[in-house]
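Listed below are the residues making up each chain.
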Amino acid sequence: MEKHAIIGKDIPRTDGRAKATGAAMYTDDFKLPGMLHGKLLRSPLPHARIVHIDVSKARALPGVKCVITGADTPKIKFGNWRLFPATQDEYPLAVDKVRFIGDEVAAVAAIDRDIAEEALELIEVEYEELPAVFDVDAAIAEGAPVIHEQSPGNISIDRKINYGDVDKALAEAYYVREDTFTVHAVSHAYLEPCSSLAQVDLDGRITIWTSTQTPYIVQCLLAATLGMRENDVRVIKPYVGGGFGGKMELRTWEFCAAFMAKKTGRPVKFTLTREEELAYGRRRHPMKIRSKVGFTKDGILVGKDLKILLDGGAYNSMGPTATFLCGNFGAMLYRYPSYRFLGEHVYTNKPPAGAMRGFGAPQSLFAAESQMNLAAEELGIDPIELRIKNAMVTGDRIPGVATISSCGFIESLKEVAKMSGWKSKRRRLKDGRGIGVGCYSFISGGVFNWFNTQYPFSAAEIRAYADGTVHLLTMASDIGQGSDTVLKQILAEELGLKMEDIRITSADTAMTPQADLGSWGSRVTLMAGNSILKAARKIKKQLAGAVSAKFNLNVIFDIKFADGRVFAAGKPDRGMSFGEAVAFVQKANRGEPLVARGSYTPRGKGLVTPAFSFGAQVAEVEVDKETGLVKVKKMWTAHDCGTVLNPMAVEGQLDGSIQMGLGYALSEQFVMDGGKTLNTTFLDYKMPHAPDMPPGESVCIETYEPEGPMGAKEAGEGLVSPTAPAIAEAVWHATGFRCKDLPITPEKILRGTGKL
Amino acid sequence: MPIPRFDYFAPRTVDEAVNLLAQAGPDGRVMAGGTDLLVKIRFRVIHPAAIVGLKKIEGLERISFSRNKGLTIGATALLADVAASSPVRRYYPGVAQAADQTANVQVRNMGTVVGNLCNASPSADNAPTLLALGARVRITGPGGQRSMSLEDFFRGPGMTALEPGEIVTAVTVPLPPPRSATAYLSLSARAKLDCSAVGVGVMLALDDRDRCKDLRIFVGACAPIPVRAGGAEQVLIGEKLTDSTVEQAALEAAKATQPIDDVRASADYRYKMATVLTIRAIMDARKRALRKKN
Amino acid sequence: MKHSITLNVNGDTYNLAVDPWRTLNEVLREDLNLTGTKFGCGSGDCGACTVMLDGRAVSSCLTLAVEADGKEILTVEGLAPSGEKLHPIQEAFIEKGAIQCGFCTPGMEIAALDLLRRNPGPKEDQIREALAGNLCRCTGYAKIVEAVQDAADKMKSNQS
């Protein structure tokens, strides 16, 4: 394999210094002259008609500069699925009806936060309460209250996947099992609460600094809901304190900040509280998953029939994508000759579920992987053996959906078995200990254009300078995952430059080329990386021409870019520095700056993604059989993410996934009383602390993904999925109790083992 | 609900504090570390008009010990300082341990043991051990000074025996009996540093034949206040501590509780855990008491 | 009624008039424009607002500004006062990959400093305990723990 100078190295983040010194500015850190502070009034009822709103007392409070309700707005619905406008079901502020506790009803902008909050108390809303539903079964039952008029049965969207003859395959199978799994809602729990600051420029354009993963989506939808043109809105993403899927839509406070900035002529900032985030924020979809699988006597899968009800909460949000993806992930990892999926997205009167790390995979793979473990037990086959028998390999196809262009799954399974001492531990562990396995596959960005963008999925502009630096402009959004660093690495490597030679401007819709769909679905490295490579190659072509002309090179020579120089391969003296080459080209072009653009839009890549990652994880647990407390002793992971561009960054993603996966498996959940979220602090929303984390070991199985930049594909998002099924299996191995209903709480373990 | 706006006073003496509190009436609140109080204000659980901060009162931060008088922990002695104090660690390891297990570093650097008690949360981590050790609270109020046993101090969630205008100035703990040990065990969904779903504190003293000479058991987070498991104590006092006698006592301990379902655990689970933790706490205390020779 | 207070922050003296209900976090971020200290929850559960107050790590969201009157406060901005040479904790956080989104970083670094002042050679479990008041959603804490170990080594060798 080609030797890389920068790719594959532990390059520290280039924003590390700004973050370590506190200089990095997040949205709430901005303060503008004359700035007002915004606050939202939210519905206290899960389902109600708004009869009347009186804001006169709030408006009269000294210091209050603006109070708005849905009636004051253009009343334009929005939603990320622009391709299907019928799915756009949300108003920036409630019009006529509220559909969950926390639905935004009015907004106040005042000279300080305390006054804004006081004004909220003065808004009088008369509601007519309506019957509400809080789970999918009640929502789809006959006679259930209708949450959105256009979906009388409360099913907002369904998705199907179907290939092979499932009924025949299951009828003829040697062994068939059917299980129902339920999975719960969890919070993204990004540390930075959502914040937005909007200002109107002198020429009427809106500039909004906002904590988002998707500047382009916010730009388009904000323009649409304000009745403005896209280019009248400039979205700037400052440093963002994590997103994990929770910041990838237009949100009410973005609209309100912009709308009220327009109305008042003053900058307006909204920052949510942690309680708002936990009580009313987006969350991972709870699902009810019924899965039926069949095997031959030798343990070869013959088919799967999967039906999933997604609890979408009050609005579609990213539910339509989740509905398709959980079906897609149900077909991944193994070769299913026949497969049938029906996913139905159900409205309930709860905070809307949205995209969250893994996006359909943690739920679907908890069911699929738990079921593989159950089947292994009954078939008398080791769970890892059973997986190897059925594992996907490079070149496999999911009919009509995807082709697997690189796959290190079997290698991952073998490696994780070796690392963990699987065989001996599976045979014998001391009492209370258990070991279990779970696997994942994930996407490297989506190919389905639900946002209906008229631009490339990702684009890059590169400006080369005679001083030897280049400036990369991209709308790709670093939300903490480190994309600015990795994209710089890709560019530096391609141009033979050093990291410090690259300048970057990212995620500012007025400055960077149209467009980039944002940071979600693990799309950035592959898509932005590819667009950068395309732009870089255009630059290289011109520079190579300059060197060739200058040194009168035979046309058969390759031109190399390395160590800040451009030169004839094998003849390093026939060349010049990168900056000299740029100057040369610029001279040849009579002063025209050397600029190139590149873009990437996946085409001919099926319905899902250009590339899939794979991996396997083993968990060892110790269960206190009297208290039901589970201590995860160690996690072993082997995963295939194609070429590893930055090992330290990949490890960081893996470590973070384990924290999120561990919380999903054991301790994180929303305690609900009907539509009301009861645990709205980090004291009672129990995400793992530093002392809760198990030690881990991991190995990257390097493959080369032909579609990826320098062979790279997804790393770190999919890894959030295998942890829960691995822990569930380990708990079974330790106690004999099989949990099909996340999270695996001490109480469930005690009840399951007859101790409570 | 109105925005939390209050006046703040930083008296230099206890008497001054008592006067300020008396003037403020029912809208006045005493603040030691503020880690509970400010959260309650922020969440609009309480709406004080005046806060009387105790941190400027000289001497209240003191932790003192003598063999005759036992341990005195002043009202503003920080959890971190109690956890690190050498006499506390030497003579009252359970008290140090409970302080050290309370919340996290930041809270231990702001919060106080006395504040944890006065907040009167049923799950207060410092209560069961101090109750088991027979601690008392020293109180100053408009009517002068008094003291009472900690057992009588708790009246309900967030409620204490304090009369209007009264301030707890210290908690005192007698010297534990010879051949005694304490243990405090708590449980929650997260392994550590969390608000407990169940907590059990015991103080066990052995006689020279290793029988239970004295025993006090308190269960936290399973009733409106930390409850004493007197029935369980009676099962074991004067008896040998065997697996079966301890289990029998622990079943009695659970009977003393009145657990509820809440966001942290179900009533059934709490009831069951009261038994499990009582067994473990007694056995733990027994092991340590046995190490002490006469 | 506003109270006149004096805060000594990162070696600088500020004379301020503050409402008694305002927290140190608000005063640092809004009045002094020291926005390196973050606000993550307001209930002392996340640690993003951690600062040193008279040499101890505290949650600035649960500290009244009036109670910080006359005290020495160290925030993330004061870790490397010259701006040229970073504090060993900051260096270690950058080099070890302990920073992702960075929102927990200022609080983590201050909590790490509090630990290393009390215990210059902490073991792994002691580091984890000391950071238990600081939540992170990105890193799984692994590289943060490594960074604190590395910072401890750096600080020791700086002294010798």
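Moving on, we get to the overall build of chain B. The number of helices and strands found in chain B is 12 helices and 14 strands. At 19 Å, chain B has a C-alpha radius of gyration in line with the 19 Å of a compact globule built from 294 residues. By its C-alpha atoms, chain B is 55 × 45 × 35 Å across when sized along the principal axes. Scored against the burial criterion, the 294 residues of chain B give a buried share of 56%. Considering only residue pairs separated by 6 or more positions, chain B has 60% of its internal contacts joining residues 24 or more positions apart. Approximately 12000 Å² of chain B is accessible, and the part contributed by carbon and sulfur atoms is 49%. Computed over 38 positive and 28 negative side-chain charges, the separation of the two mean positions in chain B equals 5 Å.

Here we come to the interface of chain C and chain A. Taken residue by residue, the interface counts 46 residues in chain C and 50 residues in chain A. Taking both partners together, chain C and chain A bury about 3800 Å²; carbon and sulfur atoms supply 55% of that area. For chain C, the biggest contributors to the area lost against chain A are C:Q100, C:L135 and C:R137; these three give 22% of the whole. Where chain C touches chain A, the interface holds 7 salt bridges. The interface formed by chain C and chain A includes 27 residue pairs in polar contact (both at pLDDT 80 or more). Residue classes in the side of chain C that touches chain A are distributed as 19 nonpolar, 13 polar and 14 charged.

Residues and elements named next belong to chain B. Taken in spatial order, the 5 strands of this open sheet run 4-5-10-6-7, and their pairing is antiparallel. The open sheet has two free edges, formed respectively by strand 4 (63-66) and strand 7 (144-149), since each of these has just one partner strand. Looking at each pair of strands side by side, their axes are set apart by 20° on average, direction ignored. Alignment of strand 6 (residues 136-141) against strand 10 (residues 167-173), held across 5 bridges, turns out to be antiparallel. Within the sheet, the bridge partner assigned to V137 lies in strand 10 and is V171.

Below, the discussion takes up the packing of aromatic side chains. Residue and element names in this part refer to chain A. Tallied over the full model, the rule gives 24 aromatic pairs over all chains. With a centroid separation of 5.1 Å and an interplanar angle of 40°, the aromatic rings of W450 and W520 are classed as tilted. Here W450 is found in the loop between strand 18 (433-443) and strand 19 (458-464), whereas its partner W520 is found in the loop between strand 21 (502-506) and helix 15 (524-550), with 70 residues between them in sequence. Counting every residue linked through ring pairs, the aromatic cluster contains W81, F84, Y216, F448, W450, F451, Y455 and W520. The residue whose ring lies beneath R284 is Y664, and the NZ or CZ to ring-centre distance is 4.4 Å.

The next point concerns the pattern of salt bridges. Scanning the entire structure with this criterion turns up 82 salt bridges over all chains. Here A:D179 makes a salt bridge to A:K740, at a shortest N to O gap of 2.6 Å. Highlighted residues: A:D179 in strand 8 (residues 175-183) and A:K740 in the loop between helix 18 (723-735) and helix 19 (746-752), separated in sequence by 561 residues. A:K740 sits in the partly exposed class, given a relative accessible area of 27%. B:E233 is the salt-bridge partner of B:R228, the closest N and O atoms lying 2.9 Å from each other. Judged by its relative accessible area of 32%, B:R228 is partly exposed. Three or more residues joined by partner-sharing salt bridges are found here, namely A:D28, A:D29, A:K269, C:R29 and C:K38.

Applying the stated rule across the entire model yields 10 cavities of 30 Å³ or more. Together, 38 residues line the largest cavity, and A:Q481, A:S522, A:Q653, A:A715 and A:E717 are the ones closest to its centre. For the lining of the largest cavity, the secondary-structure elements that each account for two or more residues are helix 14 (483-495), helix 15 and helix 17 (647-667) of chain A. Of all the elements, helix 17 of chain A adds the most residues to the lining of the largest cavity, at 3 residues. In this model, the second largest cavity occupies a volume close to 170 Å³. Taken together, 18 residues form the lining of the second largest cavity, with A:R13, A:M648, A:A649, C:G97 and C:I99 sitting closest to its centre.

Below, the discussion takes up the domain arrangement of chain A. All names here are of chain A. Segmenting chain A into domains produces domain 1 (16-22 + 457-600), domain 2 (31-130 + 191-242 + 247-280) and domain 3 (287-448 + 606-752). Centre-to-centre separation of domain 1 and domain 3, based on C-alpha positions: 37 Å. Taken together, the contact between domain 1 and domain 3 spans 19 residues of the former and 19 residues of the latter. Its largest share of buried area at the contact with domain 3, domain 1 owes to G521, S522 and L526, together 33% of the area lost on that side. The tally of links from domain 1 across to domain 3 stands at 0 salt bridges. For the pair domain 1 and domain 3, the interface holds 7 residue pairs in polar contact (both at pLDDT 80 or more). Elements with a contribution of two residues or more to the side of domain 1 that touches domain 3: helix 14 and helix 15. Its residues placed into classes, the side of domain 1 that touches domain 3 shows 8 nonpolar, 8 polar and 3 charged.

Rules used in this analysis
All residue numbers here refer to positions counted from 1 along the written sequence of the relevant chain. Lettering of chains starts at A and numbering of ligands starts at 1, both following the order in which they are written. Two thresholds apply to this predicted model, a pLDDT of at least 70 for residue-level local features and 80 or more for giving and counting side-chain atom pairs, whereas whole-chain, interface and lining totals are computed over all residues. Note that the side-chain values use all heavy atoms of the structure and ignore hydrogens as well as water. Segments assigned H or I by DSSP are reported as helices when at least four residues long, segments assigned E as strands when at least two residues long, and all are numbered from the N terminus. We compute the radius of gyration over the C-alpha atoms and compare it with the globule rule, which gives 2.2 Å times the number of residues raised to the power 0.38. Accessibility here uses a 1.4 Å probe with only protein chains present; expressed as a share of the type maximum, an area under 20% marks a residue as buried, one over 50% as exposed, and anything in between as partly exposed. Any pair of residues with heavy atoms lying within 4.5 Å of one another is described as a contacting pair. The Shrake-Rupley method, run with a 1.4 Å probe, gives the accessible areas here. Residue values count only the displayed protein chains as cover. Positive charge is attributed to Lys and Arg, negative charge to Asp and Glu, and no charge count is given to His or to the chain ends. The location of each charge is read from NZ of Lys, CZ of Arg, CG of Asp or CD of Glu. Here the quantity called buried area is the accessible surface, traced with a 1.4 Å probe, that two parts lose on coming together, added over both. Whenever a carboxyl oxygen of Asp or Glu lies within 4 Å of a side-chain nitrogen of Lys or Arg, that contact is scored as a salt bridge. Distance and chemistry together define a polar contact, namely a pair of N or O atoms within 3.5 Å, with one atom able to donate a hydrogen and the other to accept it when in protein, and with adjacent residues in sequence counting only for side-chain atoms on both sides. We call Asp, Glu, Lys and Arg charged. Ala, Val, Leu, Ile, Met, Phe, Trp, Tyr, Cys and Pro are nonpolar, and the rest, Gly among them, are polar. Only when DSSP finds a minimum of two bridges between them are two strands counted as paired. For helices, the fitted line uses only the C-alpha atoms of the stretch in contact; every axis is such a line through C-alpha atoms, and the angle between N-to-C directions lies from 0 to 180 degrees. Between rings of Phe, Tyr and Trp, where Trp is taken as its six-membered ring, a pair exists when centres lie within 6.5 Å; planes separated by under 30 degrees are stacked, by over 60 edge-to-face, and by other angles tilted. The criterion is that NZ of a Lys, or CZ of an Arg, lies within 6 Å of the ring centre and within 35 degrees of the ring normal, and then a charge sits over that ring. Every definition here rests on a 1 Å grid over the protein atoms only: cavities are sets of points where a 1.4 Å probe fits but cannot get out, pockets are open sets enclosed by protein on both sides within 12 Å along at least five of seven lines, and lining residues have some atom within 4 Å of a point. Grid points are joined across faces, edges and corners, and a volume is the space filled by probe spheres set on the points. For every domain, the bounds stem from an assignment made automatically or drawn from a database.

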